[in-house]
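A structural walkthrough
Spelled out, the chains give:
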Amino acid sequence: MERGSTARDLGPKLNRSAGDVVRFLLLQGEMVTATQSLTDDMIELFAAELGAQVRLVDPGEEKEAELLAKYFEDEDEEEEREEDLRPRPPVVTVMGHVDHGKTLLLDRIRSANVVAGEAGGITQHIGAYQVTWQDHPITFIDTPGHAAFTAMRARGAEVTDIVVLVVAADDGVMPQTVGAIDHARAADVPIVVAVNKMDRPDANPDRVLQQLAERGLVPEAWGGDTITVQISALASTGIDDLLEQITLVAEVEELLASPEGRARGTVLEANLEAGRGPVATVIVERGTLRVGDPVVAGAAWGRVKALVDDRGDHVKEAPPSMPVQVLGFSEPPQAGDELRVAKDLTTARTLGEARAQRFRLSGHLPALSAAAGAKLEDLFEQIQRGETATLNLVLKADVQGSLEAVTESLRKLERDDVKLSFVHRGVGGITENDVQLARASNATIIGFNVRPDRRAREMAEASDVEVRTYEIIYKLLEDIEAAMLGMLVPETEEVVTGEAEVRQVFRIPRVGAVAGCYVREGTITRGSKVRFLREGVVIWRGTVTSLRRFKEDAREVQSGYECGIGLSDYQDLKEGDIIETFEEREIPRT
């Protein structure tokens, strides 16, 4: 059944009339008409009453699956024949902390491969480019950040073969470096470490290697299997060594693809350009993409009008691992969409329009529909089925000390049938990046003395990622243990009712500090429970003792208005702090 179906749609599918559905729901206390959209629960309730099983799908999903089976079935069944397989260039993603020289390194690699006099010809920077080193082509992807890398992986786009991790020799492993390591690990791809800025007088490569070893990346020189190369992007030293190591790793990985047949690829980025229309940067994964091919990517479709390589030259075709800009789409596709060549333009249009309708009717972005985080409740089901369950966790804490304490305590809970895997551990508030990583690796987010910011909270709700926050360590351990034993008791859910930003602090005699605030979201109510956040970290909990609008006492203040807030026994107020009010509701566990 499609979600949002009416009683008139549902009845006949179960050999009943619309009246039977309406009557049954009325007895359950639900007033509906025959043409009113039913909730998922109502549809499942009626089906359960008849002993029928129902599978709920997004509107248009069945049609899309039908079209894919009809038009692409022969292609999906036809595996790449062994005799057609050829070695293909590796696709390398460069990641690292901001200011560690990632962009300069990419520029050096690119310019070293540009023939003299051609430098001015590189007008487009298309986010991906191919270089040739000693007759070995290598494709580099310049990631605009880990978030884009993860969002694409969340949607099943496994584009990268090798990750080059850039770490500055004078700065060492930084929070974003740790994030990059965790992202590369979650994608299960080999990591080559480039220790950059070796020309600096305070460069300390041994300290960097030590920090990497602590993170599980033990260098080859120390008996591990992580390749490390010392370079200086500024002085252009060590770059040949790095390219040589990338080539060696690629040879070990034995990367093969068939250039025969209809092309498939992944969209890296897409936008609308004046005078060129929708332009998508695509990496071809198998087959050869040619000018004139009818293509579909997500809801976008069209015929390839032109293919432009990373130097801005027009090319007739793009073999596997080649990055190209594709012109001719009906609209810009989403990053991470799979590009497929259809039999003809009509097929491409039919499939694209079916998807567009599905996205429209289901009311959610395709980016969020591909994956969701894991729930603690799912863990016990896996154990009951006799499987070895792995609980993936993204763990965030307020300080390094508590992060280590929570990690060690959780590790002690591991049993033969339940393994814990830390996808990412970090200090600070829960961000959108954490939610994207949890979604991509099917993980639960655990926060200790930290909170998600508003955008992270909204994204977690939209993408069905479970975020659990704790302020007492034994409550956290109890919950994880209870999940393992399948004994989760009803819990209280904290519902955020309002959020205000401190704009100014007033010191009033005999009263103390009062925060002049702007209510950003929800409603601030006098007497409600409150937590005080500074840069995402909880620093105090209490209640709102006084609330004023101008000089009048107010019971509540809505978003978009300014007010004065007095807090019980808390005086250390600073501009830019966040005051978050909440209420606790009990929700039964299923």
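Residues numbered from 1 in each chain as written. Predicted model: local features only at pLDDT ≥ 70, side-chain atom pairs only at ≥ 80, totals over all residues. Heavy atoms only, no water.

Brief notes about the sheet that holds strand S2 (residues 91–96)
- On the basis of which strands lie adjacent, the open sheet formed by 6 strands has the order S3-S4-S2-S5-S6-S7 and mixed pairing. Only two strands of the sheet have a single neighbouring strand rather than two, namely strand S3 (128–133) and strand S7 (227–230). Sheet twist, expressed as the mean angle between neighbouring strand axes with direction ignored, is 30°.
- One ladder, built from 4 bridges, connects strand S6 (residues 191–196) with S7; its direction is parallel. When the bridges of S7 are listed, valine 193 appears paired with threonine 228.
- Sheet strands touched by helix H9 (residues 239–253): S2, S3, strand S4 (136–142), strand S5 (162–168), S6 and S7. Its angle to S4, the strand with the most contacts, is close to 100°. (Pairing = 2+ DSSP bridges. Helix = DSSP H or I, 4+ residues; strand = E, 2+ residues; numbered from the N terminus. Axes fitted to C-alpha atoms, helices over the stretch in contact; angles between N-to-C directions. Contact = heavy atoms within 4.5 Å.)

Considering helix H3 (residues 40–49)
- Taken as a whole, H3 has its buried residues at Met42, Ile43, Phe46 and Ala47. In an axial view of H3, the angular spread of the buried residues amounts to 130°, which keeps them on one side of the axis. Turned more than 90 degrees off the buried face of H3, the exposed positions are Asp41, Ala48 and Glu49.
- Residues of H3 that are buried in the fold lie against helix H1 (7–13) and helix H2 (18–27). (Buried < 20%, exposed > 50% of the residue type's maximum accessible area, 1.4 Å probe, protein only. Arc of directions from axis to C-beta.)

So, helix H8 (residues 205–214)
- Taken as a whole, H8 has its buried residues at Pro205, Val208, Leu209, Gln211 and Leu212. Buried positions in H8, seen along its axis, are confined to an arc of 160° and lie on one side of it. Opposite its buried face, H8 presents the exposed residues Asp206 and Glu214, each directed more than 90 degrees away.
- Lining the buried residues of H8 we find S5, helix H7 (175–187), S6 and S7.
- Downstream of H8 by a residue or two, glycine 216 has a phi angle that is positive, lying close to 90°.

Some details on the pairing of S4
- For S4, a buried count of 5 out of 7 residues is recorded, marking the element as mostly surrounded by other parts of the structure.
- Sheet topology note: the S2/S4 ladder contains 4 bridges and is parallel. Bridge pairing in S4 links valine 92 to phenylalanine 140.
- Two strands pair when backbone bridges link them, and S3 and S4 are joined in this way by 6 bridges, in the antiparallel orientation. Bridging from a neighbouring strand, tryptophan 133 pairs with histidine 136 of S4.
- Two successive antiparallel strands, S3 and S4, enclose a turn made up of 2 residues, where glutamine 134 displays a positive phi of approximately 50°.

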